[in-house]
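# Architecture and fold: a report
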Amino acid sequence: MAEAHQAVAFQFTITPEGIDLQLSYQALNQIYLSGVRSWKKRVSRVRNSLIKGVYPASPSSWLFVSIAILATMYMRSDPSMGLITKIQHHLPLHMSLSAQGQTMLSALVFSTLLWLSLILALRFCLKLLLSYHRWMFEQHGRVSNFTKVWVVSRDFCMVSHRKPLLYSYQTSLPHLPVPAIKDTLSRYLRSVRPLLNDLEYKRMSELASDFEKNLGNRLQRYLKLKALWATNYVSDWWEEYIYLRGRGPIMVNSNYYGMDFLYVTPTSVQAARAGNTITALLLYRRKVNREELKPSRVPGTVIPLCAAQCERMFNTTRTPGEETDVLQHWQDSEFVAVYHKGRFFRLWVYRAGRLMSPRELEYQIQKILDDPSPPQPGEEKLGALTAGDRIPWAQVRKQYFSSGVNKRSLDVIEKAAFFITLDDEEQGMRGEDPAGNLDRYAKSLLHGKCYDRWFDKSFSIVIYKNGKNGLNAEHSWADAPTVAHLWEYTLATDAFHLGYTEDGHCKGEVEPLLPHPQRLLWDIPLEQCSSLAVAQALADDVDCHIVHFRDFGKGRIKKLRVSPDAFVQISLQLAYYRDRGSFCLTYEASMTRLFREGRTETVRSCTNESAAFVKALENGEDEESCRRLFRLASETHQNLYRMAMTGAGIDRHLFCLYVVSKYLGVDSPFLKEVLSEPWRLSTSQTPIQQIELFDLKNHPDYVSLGGGFGPVADDGYGVSYIITGEDMINFHVSSKHSCNQTVTNIKPAMVDVLCNIPDKTHQFHTGYKDSV
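Here we summarise the structure given alongside this text.

Basis of the calculations
- Residues numbered from 1 in each chain as written.
- Predicted model: local features only at pLDDT ≥ 70, side-chain atom pairs only at ≥ 80, totals over all residues.
- Heavy atoms only, no water.
- Phe/Tyr/Trp six-rings, centres within 6.5 Å; stacked < 30°, edge-to-face > 60°.
- Helix = DSSP H or I, 4+ residues; strand = E, 2+ residues; numbered from the N terminus.
- Buried < 20%, exposed > 50% of the residue type's maximum accessible area, 1.4 Å probe, protein only.
- Lys NZ or Arg CZ within 6 Å of the ring centre and 35° of its normal.
- Salt bridge = Lys/Arg side-chain N within 4 Å of Asp/Glu carboxyl O.
- Core = buried A, V, L, I, M, F, W, Y, C linked by side-chain atoms within 4.5 Å.
- Contact = heavy atoms within 4.5 Å.
- Axes fitted to C-alpha atoms, helices over the stretch in contact; angles between N-to-C directions.
- Parallel < 35°, antiparallel > 145°, perpendicular 65-115°, else oblique.
- Left-handed = near helix turned anticlockwise from the far one by under 90°.
- Nonpolar A, V, L, I, M, F, W, Y, C, P; charged D, E, K, R; others polar.
- Polar contact = N/O pair within 3.5 Å; in protein donor to acceptor, adjacent residues only side chain to side chain.
- Pairing = 2+ DSSP bridges.
- Expected span 1.5 Å × (residues − 1).

## Overview of the packing of aromatic side chains
The full count for this structure, using the stated rule, is 33 aromatic pairs. With a centroid separation of 5.1 Å and 80° between ring planes, the pair formed by Phe 261 and Tyr 702 is classed as edge-to-face. Of this pair, Phe 261 sits in the loop between strand 3 (256-259) and helix 10 (270-290) while Tyr 702 sits in the loop between strand 17 (681-685) and strand 18 (707-709), and the two are 441 residues apart along the sequence. Assessed through its relative accessible area of 0%, Phe 261 is described here as buried. Here the aromatic rings of Phe 344 and Trp 454 are separated by 5.9 Å at their centres, their planes lie at 90°, and the arrangement is edge-to-face. Within this pair, whereas Phe 344 is found in strand 7 (residues 343-348), its partner Trp 454 is found in the loop between helix 14 (434-447) and strand 11 (459-463), the two being separated by 110 residues in sequence. Accessibility classification places Phe 344 together with Trp 454 in one group, the buried group. Joined through ring pairs, the aromatic side chains of Tyr 339, Phe 344, Trp 393, Phe 401, Phe 419, Trp 454 and Trp 522 make up one cluster. The positively charged end of Arg 134 is found above the aromatic ring belonging to Phe 137, 4.6 Å away from the centroid. Note that Arg 346 overlies the ring of Phe 335, its terminal NZ or CZ placed 5.1 Å from the centroid.

In structure tokens:
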């Protein structure tokens, strides 16, 4: 009861002598410190808004401009060419200031206007410079004079004595351009040529031609109008129609996962791993809130990438609706939500205005682990509502969670910084079956038991009984590179900066009288719901396999002057062809964050050139022909990737044209057929963005497995891969048991090809190197 009394700031009773007021000074002190912390954050936001609002200049540059103007006037010269005098005549202060004071004030006003004009000019020039992307297509060592001038001009505009904040470049990023409809259709027809026979290709060409001549130009005009008005003509529709309007389960179909270190588990103490992981995540949130993170850049360059996705990383939940879901984001929260053995808890992470130490968080987590209380009726499998279809969840939420104790408890989960599951299983590469255990580890992170995760949260952390961890991320608010950046920081901070004691516990001391984790209360009339059955059937159908490839990696591939990404993508084409005897529509995710609010674009990796190489290799053609075809396929793939990054992709443009057609109430047979084509091979590379955080030379075991996702098509594959270090490539392959072709035929063969194809294609890369 002592904790309950301390949680109340004051109590009062009415007596014959009057009102007896009892104050709890400890509680009032907590209120005061929380208010101080809130005001500090507000001041920080205002300061950051000023700094990034004048970037690439700095606030102190105003003083330099003002002093320069006043010094020039002191030398009896008018740098304003009469503007200062005109400003002086219009100032309503003729009677209250002396003539000298009026002149000085007018000069300061002119200096401020000049300073603002220079900032706008700098930002406009920087935006123009960042709109130039031809540098990406030029060969190494053959840079044009125009690009050289561009580099000098770009560096001049981006020079600032102050380091840029996280969002400093946002207003200087260009808008995503709308490609010419003729170019998009031409690129589309080229992308489907290896998938169609002559008659099918002729029919598709006629559909595309008819679309361009008639409906296409009309839709294009509406799309260009949107591009002039909106910050990004794709992102809002992509988020709405691809993610939020989906009525099926987001578990497996949309959410994805990230894994722990492959070989190392920093501690086997579950509560300690949770304490350090929570601390690292909250330190990252502090950096996001203060905008102290370095802006992401194109690797190897100073070109900034859009950081808008970071805004909704924490305190964000996808709430269900009957027609469409809604992303809700709260400014801040001082607690996280925790699930353990069917019970939900609120865990406060701040104490007296400060972030709790890892040791204190470990102590709090251990309290939850030691709590013997059973779940309340309907509580244990409540999370299954977020795993099933969205409409039943929206209806149940409206009926049972719109008021009372259920709403208060649900608010805690949805407003929490993030969600944590203390899993009672052990996972990782361990035991007598390390490969099988890695597969089970992947499945556990992808869907768990279908009710022990909260799939609506922006991301959920899973801490296993043996200290292994991982995360499950919701996809609508951001793409994988943003979450991967967070996870890289978390793993590195946990292992290399926070660390553990010799017995595996968190470092630091525990303050006495910490508030205990608060058990959430529920009044749930339903013991079972259809959502769990739907989710369980989906989870049981998913098959996951991890291929840990160590024969060689990007080190050898780059020595052969081949793009590692192109190498993997062509290998995947060969793998698929060997098992099916045909090619399929292949999706590779590429970013468009060179543009403001950019998200992703599709690289159609199955090309005429890659198909020609695969057929030549399978038909046993001579090595010289295979070397030439592989080189051409690799160059084509890299060119497609660059085009997707620079706004000249295919699929987002066609998708937006389709949305416009639906708003206009017109049907297009061409667009309908294009958007109904199945992606039987959906691929994505997990980039390593913060290499400086991991010293793989001195700590080679601290490598991450990356992450993965479920298959997009029922008869297809989801393939995620991470190129780690110089000699490792990890693949995450997913498919469905319900498809006989992927389970009995293609899955083992694909794994075999992924493990063996690089050695076989290495022969051709070696020859290619010699020819170069």
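## A word on the pattern of salt bridges
Across all of its chains, the model carries 39 salt bridges by this definition. With its nearest N and O atoms 3.0 Å apart, the salt bridge here joins Arg 245 to Glu 240. Here Arg 245 falls in the partly exposed class, since its relative accessible area comes to 35%. The salt bridge partner of Asp 260 is Arg 273, with a shortest N-O separation of 2.8 Å. In this pair, Asp 260 is assigned in the loop between strand 3 and helix 10 and Arg 273 in helix 10, connecting sequence segments 13 residues apart.

## Re the nonpolar core
Membership of the largest hydrophobic core comes to 52 residues, with the highest contact counts inside it found for Ile 278, Phe 418, Ile 420, Leu 422, Phe 459 and Ile 461. Listed by contribution, the elements that provide at least two residues to this core are helix 10, strand 6 (335-340), strand 7, helix 11 (358-370), strand 10 (419-422), strand 11, strand 12 (469-473) and helix 15 (480-498). Excluding residues that lie within four positions of it along the chain, Leu 422 makes contacts with Gln 270, Ala 274, Val 338, Tyr 339, His 340, Ile 365, Ile 368, Leu 369 and Ile 463. Of all hydrophobic cores here, the second largest spans 51 residues; its members include Leu 185, Ile 303, Phe 655 and Phe 670.

## Quick word on the packing of helix 7 (residues 181-192) against helix 8 (residues 198-229)
Two elements in contact, helix 7 and helix 8, have axes whose closest approach is 10 Å; the angle formed by their N-to-C orientations is 160°. Judged on the interaxial angle alone, helix 8 and helix 7 are roughly antiparallel. Seen along the crossing, helix 7 lies across helix 8 with a hand that is right-handed. Between helix 7 and helix 8, the contacting residues are Ile 181, Lys 182, Leu 185, Tyr 188 and Leu 189 on the first element and Tyr 201, Met 204, Ser 205, Ala 208, Phe 211, Glu 212, Gly 216, Asn 217 and Gln 220 on the second. Residue classes in the contact of helix 7 with helix 8 are distributed as eight nonpolar, four polar and two charged.

## Examining the environment of Asp 667
Along the polypeptide, Asp 667 turns up in the loop between helix 21 (651-664) and helix 22 (669-675). Each C-alpha atom, one on Asp 667 and one on Leu 215, is 9.0 Å from the other, the two residues being 452 residues apart in sequence. Setting aside residues no more than four positions away along its own chain, Asp 667 makes contact with Leu 215 and Lys 662. Polar contacts involving the side chain of Asp 667 include one to the side chain of Lys 662, which spans 3.4 Å.

## Structural notes on the pairing of strand 6
The two faces of a sheet get side chains in turn, since along a regular strand they alternate between them. The element strand 6 is extensively covered by neighbouring structure, given that six of its six residues are classed as buried. What you see with strand 6 is no split at all: Phe 335, Ala 337 and Tyr 339 on one side and Val 336, Val 338 and His 340 on the other are buried throughout. Inspection of the sheet shows strand 6 paired to strand 7 by six bridges, in the antiparallel sense. Counted as the bridge partner of Tyr 339 is Phe 344 from strand 7. In this antiparallel pair of consecutive strands, strand 6 and strand 7, the connection spans two residues, and Lys 341 shows a positive phi of 50°. Strand direction decides the pairing type here: strand 6 and strand 10, joined by three bridges, are parallel. Along strand 10, the bridge assignment pairs Ala 337 with Phe 419.

## A short note on helix 21
Owing to its 3.6 residues per turn, the α-helix aligns residues three or four sequence positions apart on the same side. The terminal C-alpha atoms of helix 21, which comprises 14 residues, lie 20 Å apart, in line with the 20 Å expected from a rise of 1.5 Å per residue. Summarising burial for helix 21: 10 of the 14 residues are buried, a large majority. Listing the buried residues of helix 21 in full gives Asp 651, Arg 652, His 653, Leu 654, Phe 655, Cys 656, Leu 657, Val 659, Val 660 and Ser 661. Those residues of helix 21 that are buried lie in contact with helix 7, helix 8, helix 9 (235-244), strand 15 (586-591), strand 16 (600-604) and helix 22. At the exit of helix 21 stands Gly 665, carrying a positive phi of roughly 75°.

## Describing the sheet that holds strand 7
Pairing between sheet strands relies on hydrogen bonds along the backbone, with the strands arranged either parallel or antiparallel. Pairing within the open sheet is mixed, and its eight strands lie in the order 13-7-6-10-11-12-3-18. Unpaired on one side and paired on the other, strand 13 (518-519) and strand 18 mark the two borders of the sheet. Bridge count for strand 11 against strand 12 is five bridges, and the pairing is antiparallel. Each bridged residue has a counterpart across the sheet, and for Phe 459 the counterpart in strand 12 is Ala 473. Set on the sheet, helix 11 makes contact with strand 6, strand 7 and strand 10; between it and strand 7 the angle comes to about 160°. Lying on the sheet, helix 13 (residues 404-415) is in contact with strand 6, strand 7 and strand 10; it crosses strand 6 at an angle near 110°.

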